[in-house]
Structures are given as structure tokens and as C-alpha cells.
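Inside the fold
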Amino acid sequence: MTTDVKEKSTNVLEDFEKAKNKFNTLDYTQEEFEQLANLYTESFRDVKQGELVKGRLVRIQGDNVIIDVGFKSEGTIPRSEFGEDAKLEVGQEVEVVLESVEDLEGNLVLSKSRADFLRIWEKVIRAHDTGEIIDGKIIKRIKGGMVVDLIGMEAFLPGSQIDIRPIRDFDALVGQTMDFKVVKVNIPTENVVVSHKVLIEEEIADQRKAILESLERGQILEGVVKAVTDFGVFVDLGGVDGLIHITDLSWGRINHPSEVVKLDETLKIVVTDYDEAKKRISLSLKKLLPHPWENIDEKYKIGDKVTGRVVSLTDYGAFIEIEKGIEGLIHNSEMSWTQHIKHPSQVVAMGQIVEAIILSLDKDEKKISLGIKQLEPDPWQTLMIKYPVGSRHTGVARNLTNFGVFVELEPGVDGLVHISDLSWTKKIRHPGEVVKKGESLEVTVLGVDVDSRKISLGHKQIMDNPWDTFEQRFSVGTITTGKVVRIIEKGLIAELPEGVDGFVPANQLSTSKLKNLAMHFPVDDIIPIKVIEFDKSNKKIVLSTIAALKDKPDSEIEDYLNKHKLDKVSLESIKNADTGAIDSSEFPIFEIQDSPEVKKSENPQ
């Protein structure tokens, strides 16, 4: 006897004993009672919680439907689970699920809706295992995709599984009915994932294979724009995607493919390459269009005025798009007759519409040279009249260089004052000693070179040349005083009373060699000097302090030695010094030498 049989027998005996105690007489023997008890026990089903069973509708009580499932007690189901239009009759068979053996009142808890779900769940599982196609209705949009009513239960349709093409408007899909394949089921959570895309891919698999097998360079196809990116356009050729690179969309420059094509637009394209290993198809749209340079010489001639858009700026000029695929270069030198353009952004801007003159056209090299200054008369042709040689003007110092200062005479017209033409008397090392940037400066026109487009100016020439006067004022042997203005390699520069500079050699300051002239002869110090050489042509005056002291009283010489801390120099050495045999060739001429000729393109503003 099994354990279950033993337990049933024990229960029957217990019931028999209870029955004997309850009733004074018993109409059945113990054996008869056991047989009846077993028959009664076997009439009840061994129903487990969550099991799908069939029951019989026994009655309807208000909003509840009473179902007998063969258990010791009847169960109830809310009438709403049968639906509003359901026709309920006593005795009809109903499929339900046992939710709970008993509720708070000891009754069975049954569910009709759960039973319906389990039947649907069985169909979904079977469809997943067999690959069966099920139709469903998209009922709403959620994050990441859509919710589908799949034969009565909700399933998730990811956005990536709707179609092989990107979906533009998800909301437009709500309410649509379509076929689906169950691609994933999660039994513990009873979640279902479906796909419509896999069905489309299966349908076009043969079409894709046929397209790939027939692909060849030069083949013309028709496709639909699937996606637009910064670098190009993806085109659906009928289950196979191809790429039109941005450079293959148009003969002209474009900033973004959206300037040429739109999403879902149908295009005719040509196959330019096919990488079979990577399944990569390269396409071109522009190669189906005529090349704009084919008849260029019939449309444009040298000297023609054209209008175009600035599409690129470089350090040397601006590229102008005359029409799609035809560009010309305006070099910096062709932007202004008078200004020295360092960068085209000084004149034009990206996207600006400009007019220009065709200067040259090379069909073979596909190059066009343009100019915008040619739209105006060349002002240099009239500059000789406006700025004749010898005329005086006031300009503004626009730029200082080591070799001179550029002075603007009028907007766009400037000239160079060489450093040697800044002063008759001073040995100028940098133009900043005479004028600052932005200051006004009086100048005289020294020369106008129309071909080279240069104007030579002078500042010192607004005054008479004082060297004719200096020749008399500072003749050899003249004794005077000078102010130390600068220490140089072989001596110092001293300013004479008329403002002219002279050179004092170091051996004419002391009879003993001095290691640091600046320590003994600081700037602005006043020293006695004698002119020992005057060179008018080279504008050079050589001076000597020792020669000026030789015939002075001893007290003056002593004062000089003490003042300048010349401890190693004696009174006798000053008096006996030989100042007549000085070779002036060893001393530099302090005139700044001319700089190399400055080219037009190098003239700074």
C-alpha cells in the first residue's frame, strides 16, 4: 500500500469513529462505510493552485459567477472577466485557473482572464518555437519602441525591429495592423518581443542576392534616400544600401548633403565601386550630370564680368563659385590697387556674393583667375598728378620696421620713409626714436614708381640740409662741448650744440684703455670736445676730448680726470698725447645703410 492509500485509509477510519460518536446507531458496517467514503473522496479533483481546469457554471449571484470545478467547494469569478457581451447560461462549461484554494471566507478563487491568457501564452510559445507568423495591432508608443496587441496579450516591438529603413514618425504607426514574428520570450516574466523587420528581410533576401550578383561599375540604378549624414547619403537599392559620398553628390561645393537631396527621395545613381568582401557599394549622383567644364570656353571669356559666391578663404586668396563645379581664385594681389592685402578676409567673407573680372582661363588645368580691383580704375595712374615729387603732405605712421616707417597718405595709399631719411643730424637706429605708430608725420614725396607701386617719402627733406652750415660751424679745430647720448662699440656719440651727432673714439676720451665707458661717461654727461675731422659727404664728425684739454689749465684737466674717475690717467699723458695722427678709416660711418628693395607684396600696412 502506498503512502497516499495509507493516509486515505487512516482518514476514513477517523471519520468512521467520529460518525459512531455522533450518531447513536450506524446503518453501515465499518467496511461499508470505508467503501462509501472512498467513493466520496474520489469524486473530488486533486486541483493544484495555478492550474488550468474546466468547470461548470452553476449560478450567477449579482456581479459574481459561481463555478463548480469538482472541488470540495465552489469558486467565484467576477462577471466582468467574461466581457460585457458574453452570454452566460447555467450548466455551460468554462475554462478557468485556480488562483487560490481559499480566500478570507474559505471560498475558491478562480480566474477566467488568467485562463484566457494562458491559452494565448501557449500559442505565443508555439509560434516562437515554430516560427509561425502572427498578426498584431500596434496600440501605443513607449520608450524604445511600440506596444503590440498580439492575439490578446501585449508584446514589445523595438524601434529597430519595425522596418529595414529608419522610422521617421513612430506615432503614425499607432493603430496599424501588421504581421510579426516572435523573436524572444521570457517565461518567468511572461514578456514577449516581436519583430516585423525580420519578415521584410526574409522577403528581400532573394532580391538582395540578385542585386549583389548583378552589380558592376558604371551600372545605373534607382534607389531611395535612406539616411543623410555629414559625410554622405545612404541609398536603399532594394534591400541593399549604397553610399554617395558628399563629394559625389555635386560637381560644386556643398556644406551638407541636405543641400542636394532629401530623405525618402528617389534618385537615379551610378555605381562607381563595389567591395565584395565588405559588401560596400559606392555610388555617384554627379556623374550622371554633364561636367560643367566641358563647354567652359563657350560660356566665359577673359575680361568678362562674373558674379559668384565666396566658398573658401586661404592665406593667398579667395575661391569664388561662379556656378556649380566652376570656381575661380581671386589672389590677394588682385583685390586692391592700393592696399597690401595679407588675408582675403580683409576684403571678402565666406558666403558673400561678389563681382569679379576673369583675368585668365585654363580649361585643361580647370583654373580661372579672377580680380576685383579691375572693377575700378587704377588709382596709381593718377598718383603722379596727386603726389608729385617734391610735394609736401601730412600722413599717419601705420607701421614701423627696422628699415623705416610706412606712412598712409590717404586710405589705401602709403609710402615708405627710409630710416636714413628721418633726420639730417641724428644717427637713428629705429624709426620709433622719431615717431610712434598712429602719430602724424610731415613728409616730402621723393619718388613715385607706378610699375612697382611704391612711393618713396622723406621726413628730413621738409627742412633744409644743415650740413652746409655745419661745415662752417664745426670746422676742424673748433672747440666746444657735447652731451653724451649713446655708448657704442668703439666710443660714444655726443650731441653738439646744433643738435648734430658726432663720434668720440674711446682713445680720445682717455690715454689709458677703459673697460666700461658707460661707467665713466654716463648718458647726458657734458664733456669738452674738439672737432678733429669733418666729412660732409658722409655726414661724419669725429671729435676728441683729449685734444680739447691739451691746452687747458692744469686745474681743468684735473677736474676732468676726477669727474670721470680716470685714476690711471696722468696730467702729463693728456698734455703729451698725440691727437693729430688719427686714422678715421677705422671708425664707422654712422649712416644706416639702405635695406634691400622691399617688394610690393612685402609692404606691411
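Preceding block: the structure.
Reading the values: rules and limits
Residues numbered from 1 in each chain as written. Predicted model: local features only at pLDDT ≥ 70, side-chain atom pairs only at ≥ 80, totals over all residues. Heavy atoms only, no water. Helix = DSSP H or I, 4+ residues; strand = E, 2+ residues; numbered from the N terminus. Contact = heavy atoms within 4.5 Å. Areas by Shrake-Rupley, 256 points an atom, 1.4 Å probe, with all protein chains shown as cover. Pairing = 2+ DSSP bridges. Axes fitted to C-alpha atoms, helices over the stretch in contact; angles between N-to-C directions. Core = buried A, V, L, I, M, F, W, Y, C linked by side-chain atoms within 4.5 Å. Buried < 20%, exposed > 50% of the residue type's maximum accessible area, 1.4 Å probe, protein only. Phe/Tyr/Trp six-rings, centres within 6.5 Å; stacked < 30°, edge-to-face > 60°. Salt bridge = Lys/Arg side-chain N within 4 Å of Asp/Glu carboxyl O. Arc of directions from axis to C-beta. Polar contact = N/O pair within 3.5 Å; in protein donor to acceptor, adjacent residues only side chain to side chain. Expected span 1.5 Å × (residues − 1).

The subject of this paragraph is the overall build of the chain. In terms of regular secondary structure, the chain is built from eleven helices and 30 strands. Residue pairs at least 24 apart in sequence account for 59% of intrachain contacts in the chain once pairs closer than 6 positions are excluded. About 34,300 Å² of surface is accessible on the chain, with carbon and sulfur atoms providing 48% of the total.

One key point about sheets: their strands pair by backbone hydrogen bonds, in either a parallel or an antiparallel sense. The five strands lie next to each other as 16-17-18-20-19, forming a closed barrel whose pairing is mixed. Within this sheet the neighbouring strands show an average axis-to-axis angle of 50°, counted without direction. Pairing between strand 19 (residues 353–362) and strand 20 (residues 367–371): five bridges, direction antiparallel. Along strand 20, the bridge assignment pairs I358 with L370.

Within the largest apolar cluster, 29 residues are counted, with the highest numbers of intra-cluster contacts made by L492, L509, I541 and L543. For this core, the elements supplying multiple residues, two or more each, are helix 7 (467–473), strand 27 (491–495), strand 29 (526–535), strand 30 (540–544), helix 9 (545–549), helix 10 (554–563) and helix 11 (571–575). Those residues in contact with L492 that sit more than four places away from it in its chain are V484, R486, I487, G502, F503, V504, L509, F521 and I527. If you look at the next biggest cluster of nonpolar residues, it comprises 25 residues, including L118, M153, F180 and V192.

The subject of this paragraph is the packing of aromatic side chains. Under the criterion given, the structure shown has six aromatic pairs. Judged by centre distance (6.1 Å) and plane angle (15°), the rings of F117 and W121 are stacked. Taken as a pair, F117 and W121 lie in helix 3 (residues 112–130) at a separation of four residues, close to a single helical turn. One exposure class covers both F117 and W121, and it is buried. Geometrically, the ring pair formed by F521 and Y560 is tilted, given 6.3 Å between the ring centres and 40° between the ring planes.

Take H459: it is sitting in the loop between strand 25 (454–458) and helix 7. For H459, the residues in contact, after removing those within four places along its chain, are V417, D421, L422, V434, L441 and E442.

What follows concerns the pairing of strand 22 (residues 404–410). Looking down a regular strand, the side chains alternate between one sheet face and the other. Within strand 22, five of the seven residues are buried, which leaves the element mostly enclosed by the surrounding structure. Bridge count for strand 21 (residues 392–401) against strand 22 is five bridges, and the pairing is antiparallel. Its bridge partner being in strand 22, L400 is matched across the sheet by V405. Hairpin connection of strand 21 to strand 22: two residues between the antiparallel strands. Bridge count between strand 22 and strand 23 (residues 413–418): six bridges; the pairing is antiparallel.

This next bit is on unusual backbone geometry. Backbone geometry follows two general trends: most residues other than glycine have a negative phi, and most peptide bonds adopt the trans configuration. For E190, which is not glycine, the phi torsion reads 55° and is therefore positive. One can find E190 in the loop between strand 9 (177–186) and strand 10 (191–195).

In this section: the pattern of salt bridges. Note that side chains of opposite charge can pair when their charged atoms are close. For the structure shown, the criterion picks out 20 salt bridges. Across the salt bridge formed by K54 and E93, the nearest N and O atoms sit 3.9 Å from each other. Of this pair, K54 sits in strand 1 (residues 52–61) while E93 sits in strand 4 (residues 93–100), placing them 39 residues apart in sequence. According to the relative accessible area criterion, E93 is exposed, its value standing at 60%. For D273, the salt bridge goes to R217, with nearest N and O atoms at 2.5 Å. One end of the pair, D273, is in strand 14 (residues 266–275); the other, R217, is in the loop between helix 4 (197–214) and strand 11 (220–228), with 56 residues separating them in the sequence. A single network of salt bridges, built from pairs that share partners, joins E95, R119 and E122.

Every α-helix carries 3.6 residues per turn, so stepping three or four residues along brings you back to the same face. For helix 10, the set of buried residues is I557, Y560 and L561. Down the axis of helix 10, the smallest arc covering the buried residues is 95°, so these residues share one side. Set apart from the buried face of helix 10 by more than 90 degrees, the exposed residues are D559, N562 and K563. Considering only its buried residues, helix 10 is in contact with strand 29, helix 9 and helix 11. Following helix 10 by one or two positions, K565 has its phi on the positive side, about 55°.

On to the pairing of strand 23. With six of six residues buried, strand 23 is to be regarded as a mostly interior element. Along strand 23, one buried face is formed by V413, G415 and V417 and the opposite face, lined by D414, L416 and H418, is buried too. Pairing between strand 23 and strand 25: two bridges, direction parallel. Counted as the bridge partner of V417 is L457 from strand 25.

Moving on, we come to the environment of H520. Position of H520 relative to the elements: it lies in helix 8 (residues 517–520). The class for H520 is buried, based on a relative accessible area of 12%. Here the alpha-carbon distance between H520 and K563, two residues 43 residues apart in the chain, equals 8.4 Å. If we ignore the near neighbours within four places in the chain, the residues touching H520 are L514, D525, H564, K565 and L566. Polar contacts involving the side chain of H520 include one to the main-chain carbonyl oxygen of K565, which spans 3.4 Å.

When the terminal C-alpha atoms of helix 3 are compared, their 27 Å separation across 19 residues agrees well with the 27 Å that a helix rising 1.5 Å per residue should span. When we look at burial in helix 3, the residues that qualify are K112, A115, F117, L118, I120, W121, V124 and A127. Once helix 3 ends, the next one or two residues include G131, with phi positive near 80°.

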